[in-house]
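Observations on the three-dimensional arrangement
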Amino acid sequence: MSPLFLIIVPLAGALIAAAWPNNRTRPWLLPAFGLLHFVLTFWLFVRPPVVAPGAWLGFDPLARAVLPVVSLLFLVCAAYGVPYLRIRSGRPNRVFVALLLAILGLLSAGHQARHLGLLWITTEAVTLATVPLLHFNGTPRAFEATWKYLLVGGTGIALSLLGSFCLGYASLHGGGSGDLTFTALTSQGASLSHPWVLIAWVLLLAGYGAKMGLAPMHTWKPDAYGEAPSIVGAILAGGVTTVALTAILRVRAVIGAAGEGFVADRTLLVIGLFSMLVAALFLLGTRDFKRMLAYSSVEHMGILSIGASLGAAGVAASLFHVWSNSLTKGALFLSAGNLRRAAGSPSMDEVRGMSMLTPRSAAIFVTGMFAITALPPFGPFFSELQVVRAALASGHGVATAMLLGCLLLAFFGLTRVTFGIVDGRPRPATRENAQRFVETAGVIAPPLVLLALSLWLGLFTPAILREAWSAAAAQLFPTP
Amino acid sequence: MNSGTLNLLIGVAMGLNLLALGSSRLPSLIRIMSLQGVVLGLMPLIMVLEALDWRVVALALATMAGKGVVIPGLLRRAMRAAHIEREMDPFIGFVPSLLLGAGGAIAAVGVARALPLLPEHAETLLLPGAISSMLTGFILLIGRAKAISQVCGFLILENGIYLFGLLLIHSTPLLVESGILLDVTVGVFVIGIIVDRIQRAFDSLDTRKLTTLRE
């Protein structure tokens, strides 16, 4: 079976959704195509196809290590989308459903892209497809968030195109034939022109780092996650950022082959620590629980970046963290969506006592918050432990200490906001608003499933997953 | 390659950058940008004059149509729809912007000398032109308050990237062509402004008023 189906199937779904006449039944297309995509991905995961070295697209070990979790997250979010869009039945959802499916197809293409240009085109297309989703609520605040997302995201993709040009020129200058697949670039290795390689690395890291949300290019994140529907936030935090991480990892492998791996690792480490620090400080200040999730996402992108700087063992740990972060963050976003809808406001100044009004969502939210702050036995604890062990093994004592310090600060910030909205007696206005929101199985099961998956990942990490992560790390750091 | 004519065109584009930095009214800024788009569109034709193929012609036509006609047209429509005042509100004044831009153009020539270039590119002004356009774009992006002038800044930044991409037109035309997608981004920006106008969410399109979301 061809990995192209992973791209074609959701895109076909997007076309069908765009043509589907009925606003009420259209959301069911989301779980239908999500399930189909998940089955296909799982099939490929178990029986990985052979990828031709010069192929532009392929289900290679790196795609195999991350694409399943994106597909899984999408499936659960899609299941949540059906009751969510039923609650929002007053709004036309044609664009929303079609673009979500298109994003799934484009993400599948982006994770599998083995060509510099193709990778850029898919990330660009994902960025553009996200814009109307952020604007779904149609409020002035949503417009403001969309505008900032366009400005920062647009500059980010412009920089990554420039970086791609520079890497292309490095190859041309080194006598390359104009073949820009990552395989060809890596095999060109040391003959790549070094000044151009370094410029390309800086620009690509800034560009894809903006997409991923690494500080100081993270400024779009709190606004976008705060104003977009939770389901969009979950997919942005768990899927779109992942494609940017795989882009950075693939580029990092080329830089490493050119002999500048040390510089690349140092920049990744510094930018990762800086992201964690910025996120932790903002977490101590924010009063909005959806923006809190965005800063938490910035923090975890920092952990991914630190892991990526630590060689093969660190990359494997990072890929593990992609899984645990995506699943746990998904649970948090979806339960936060329930809380937000019931409370009528995202600010801890106005919201109190949610454990009395929406006990199930509040319980999931609190448990998810502990899971994301690395409470054993949830997934994030084990993946962060693996990152820390990789850091200590490579002799980064100071960096490890800073990482742990930031985690502690973030824990204070997260618990402050979470218990601020969950505890206490609800205000009369909140109480009234919450009566219109019923905690049906449709809105409770999806975040619960994601939380259970995070627990499963921590307790019984399957050997096949560990093997997939190490295989991806081996692809990026080939032993001579 | 006809490097004399090419350098002349790049010189024109760099001059237009300075004009853009100095212009105080939106319609003239839009006119300058659309002229720069046409100039940029001519360049690939000159570079491969001896071996013209349909892909280069298509790239040139798409560039001229996108940067020279469609986007300026959309911007004018957005301006009409939103009843935006024609004056620009600079954060960075016009004279400082001009000085920065001129200094940047000189620095760009210096930086370009320091970078290793292939012999066939060493005599062209592509790299200095690219760097100075990108700098101009950033100055406009940061230094102007109105949403439309920020879009213009982004477009000039993108023109700089396009100039750089022309270095690769012989070896990897596909990568250069994919840069057209950036124009699509700009289109989305502008459509965003128009859509917003229809919804009447904002009254001035002054990005300084977009300050609800912050810590």
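Because the structure is predicted, anything quoted here is derived from the model rather than measured. (Residues numbered from 1 in each chain as written. Chains lettered and ligands numbered in written order. Predicted model: local features only at pLDDT ≥ 70, side-chain atom pairs only at ≥ 80, totals over all residues.)

**Focus: the overall build of chain A**
- Of the regular secondary structure elements, chain A holds 20 helices and zero strands.
- The C-alpha radius of gyration of chain A comes to 21 Å, within 12% of the 23 Å expected for a compact globule of 480 residues.
- By its C-alpha atoms, chain A is 70 × 55 × 40 Å across when sized along the principal axes.
- Burial status across chain A gives 63% buried among its 480 residues.
- When contacts within chain A are restricted to residue pairs at least 6 apart in sequence, those whose partners lie at least 24 apart make up 82%. (Helix = DSSP H or I, 4+ residues; strand = E, 2+ residues; numbered from the N terminus. Rg over C-alpha atoms; globule rule 2.2 N^0.38 Å. Buried ≥ 20, exposed ≤ 12 C-beta atoms within 10 Å, placed from the backbone. Contact = placed C-beta atoms within 7 Å.)

**Concerning unusual backbone geometry**
Residues and elements named next belong to chain A.
- At the junction of A215 and P216, the peptide bond is cis and its omega measures out at 5° in the coordinates.
- The linkage connecting P376 with the following residue, P377, adopts the cis geometry, with an omega of 5°.
- Along the chain, P377 turns up in the loop between α15 (359-372) and α16 (379-393).

**Looking at the interface of chain A and chain B**
- Chain A puts 36 residues into the contact, and the matching count from chain B is 33 residues.
- Within the residue set of the side of chain A that touches chain B, elements represented by two or more residues are α5 (116-134), α6 (140-173), α9 (220-227) and α11 (261-285) of chain A.
- In terms of residues, the side of chain A that touches chain B owes the most to one element, α6 of chain A, which gives 20 residues.
- Split by residue class, the side of chain A that touches chain B holds 20 nonpolar, twelve polar and four charged. (Nonpolar A, V, L, I, M, F, W, Y, C, P; charged D, E, K, R; others polar.)

**Examining α6 of chain A**
Residue and element names in this part refer to chain A.
- Here α6 contains 34 residues, and its C-alpha end-to-end distance of 49 Å stays within 8% of the 50 Å for a straight helix at 1.5 Å per residue.
- For α6, a buried count of 32 out of 34 residues is recorded, marking the element as mostly surrounded by other parts of the structure.
- Just beyond α6, the residue with positive phi is G175, at close to 90°. (Expected span 1.5 Å × (residues − 1).)

**Topic: the environment of A130 of chain B**
Residue and element names in this part refer to chain B.
- By the secondary structure assignment, A130 is in helix α6 (residues 126-143).
- Between the C-alpha atoms of A130 and V69, which are 61 residues apart in sequence, the distance is 22 Å.
- Once you skip the residues sitting within four places of it in the chain, A130 turns out to touch G160, L163 and F164.

**With respect to helix α4 (residues 94-112) of chain A**
- Compared with an ideal rise of 1.5 Å per residue, which puts 19 residues at 27 Å, α4 of chain A spans 28 Å between its outermost C-alpha atoms and is within 8% of the ideal.
- Counted residue by residue, α4 of chain A has 17 buried out of 19 residues, so it is predominantly covered.

**Description of the nonpolar core**
All names here are of chain A.
- L73, L101, I103 and I235 are the most contacted members of the largest nonpolar core, which totals 247 residues.
- The dominant element in this core, judged by the number of residues it contributes, is α6, at 19 residues.
- The contacts of I103, once residues within four sequence positions are left out, are V126, A129, T130 and I235. (Core = buried A, V, L, I, M, F, W, Y, C linked by C-beta atoms within 7 Å.)

Read these as spatial facts, not as claims about activity.
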